[in-house]
Amino acid sequence: MNFYVDFDDCLCETAKAFTMIAGRLFGKNVPYEDVRFFDLQKSFSLSDEEYIQLMEEGHRPEVLLSYEETPGACDTIRDWLCKGHEVNVITGRPYSAYDASRKWLDEHGLSGVKLFCLNKYGRDSFYQAGEHNLELEDFYRMHFDIAVEDSPMALPYLEHFPGVKVMVVDRPWNRGCDFPSSNYIRCMDWDVIRECVRYI
Ligand SMILES: [Mg+2]
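Rules of the game
Residues numbered from 1 in each chain as written. Predicted model: local features only at pLDDT ≥ 70, side-chain atom pairs only at ≥ 80, totals over all residues. Heavy atoms only, no water. Domains from an automatic or database assignment. Contact = heavy atoms within 4.5 Å. Buried area = accessible area lost by both parts, 1.4 Å probe. Salt bridge = Lys/Arg side-chain N within 4 Å of Asp/Glu carboxyl O. Pairing = 2+ DSSP bridges. Helix = DSSP H or I, 4+ residues; strand = E, 2+ residues; numbered from the N terminus. Axes fitted to C-alpha atoms, helices over the stretch in contact; angles between N-to-C directions. Expected span 1.5 Å × (residues − 1). Buried < 20%, exposed > 50% of the residue type's maximum accessible area, 1.4 Å probe, protein only. Donors = N, O, S within 2.8 Å, 3.2 Å for Na, K, Ca; no water. Parallel < 35°, antiparallel > 145°, perpendicular 65-115°, else oblique. Left-handed = near helix turned anticlockwise from the far one by under 90°. Nonpolar A, V, L, I, M, F, W, Y, C, P; charged D, E, K, R; others polar.

> Explain the domain arrangement of the protein chain residue by residue, including any values.
Taken domain by domain, the protein chain comprises domain 1 (2-12 + 68-198) and domain 2 (14-64). Relative placement of domain 1 and domain 2: their C-alpha centres are 21 Å apart. If you look at the interface, domain 1 gives 18 residues, while domain 2 gives 13 residues. The contact between domain 1 and domain 2 buries some 1,400 Å² in all, and 57% of this surface belongs to carbon and sulfur atoms. Our enumeration of links across domain 1 and domain 2 arrives at one salt bridge.

Below, the structure is given as C-alpha cells:
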C-alpha cells in the first residue's frame, strides 16, 4: 500500500513547540489545548510581523530538529516499511526546511520514507521545480491508499484520491471540522492509527 503521512502534528509535536516559541518571543501564553485554529496567527493573536517572525523561528534548522516525536509515530511507520509498504511524508513546510526535515526523519530511523514538500497552503514563495518539491498538479498524479493528516485545510486535497482512507490525527484545531465522507476516521493516537490500518 502507498501511504501519505503529513509531518507537523502527525509525526512530531510542532504546535506544542510553537506555543513555547510564541511565549518566548511575544509573551503569548496560549496552552496547546487552546490552539483552536490551524492558523497560528489567529490562535496566538499575532500581528502580521509577529507571525512572520514566529514562522521564521519555527523553521530554523536547529528548531525543526528539536521537535518531539508524536508517541508511536516512528515505530508504526517503521513497521509499515518492514511490511513492504511505501511511505511518503508530504509536508506543507517550505522547501527551505527540506534538509532539516530529512535529517529529523533519518535521526528517527525513518531513512526509508520519501519526503516531499507540497505547496499545500500557498505559503512557499520559494517554490522551484525539483525532485522533492510538489505542486498540487504533481501531487494529484500520485497514488495513495491511506493518509495521515491533521490539518482541516489539507483534507480537501485528499478528496482527489478516490477510496483513500484518511486517519485524522485528533488535534484541538480539527475538532470542529466536518469530514467529507466516512473514509475519514478521527484517531486519538498512533496506536489507533496502527489498529485501523491493520484492518484495511
Ligand atoms: Mg500537519
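> I'd like a rundown of the sheet that holds strand β1 (residues 2-5), residues and numbers included.
The strands making up a sheet are joined through hydrogen bonds of the backbone, oriented either antiparallel or parallel. The strand order across the open sheet formed by seven strands is β4-β3-β2-β1-β5-β6-β7, and the pairing between neighbours is parallel. Taken across any chain shown, the strands that pair with only one partner, and hence form the sheet edges, are β4 (133-134) and β7 (184-187). Two strands pair when backbone bridges link them, and strand β2 (residues 86-91) and strand β3 (residues 114-118) are joined in this way by four bridges, in the parallel orientation. Across the sheet, V89 pairs through a bridge with L115, a residue of β3. Across the sheet, helix α6 (residues 98-107) touches β2 and β3, and the angle it forms with β3 is around 150°. Lying over the sheet, helix α9 (residues 190-198) contacts β1, β5 (146-149), β6 (165-169) and β7, oriented at roughly 145° with respect to β7.

> Tell me about helix α1 (residues 14-26), and name the residues and values.
With 13 residues, α1 ought to run about 18 Å at 1.5 Å a step, and its terminal C-alpha atoms sit 18 Å apart, in line with that. Where α1 is concerned, the buried positions are T14, A15, A17, F18, T19, I21, A22 and F26. Elements that come into contact with the buried residues of α1 comprise α2 (40-43), α3 (48-58) and α4 (61-66). G27, located one to two residues past α1, shows a positive phi value of around 65°.

> So what's going on with the coordination of the magnesium ion? Which residues, and what values?
With distances of 1.9 to 2.2 Å, the protein atoms coordinating the magnesium ion are D6 (OD), D8 (O) and D150 (OD). All donor residues of the magnesium ion come from one chain, and their arrangement in sequence is D-x1-D-x141-D. Here the residue D6 occupies a position in the loop between β1 and α1, and D150 occupies one in the loop between β5 and α8 (155-158), the gap between them amounting to 144 residues. Each member of the pair, D6 as well as D150, is classed as buried.

> Describe in detail the packing of helix α5 (residues 73-82) against α9, supporting the description with residues and values.
The geometry of α5 relative to α9 is characterised by a closest axis approach of 9 Å and an angle of 20° between their N-to-C directions. The angle between α5 and α9 places the two elements in the roughly parallel class. Our pair here, α5 against α9, has a crossing hand that is right-handed. Here A73, D75, T76, I77, D79 and W80 of α5 lie close against α9, whose contacting residues are W190, I193, R194 and V197. Taken together, the residues of the contact of α5 with α9 break down into six nonpolar, one polar and three charged.

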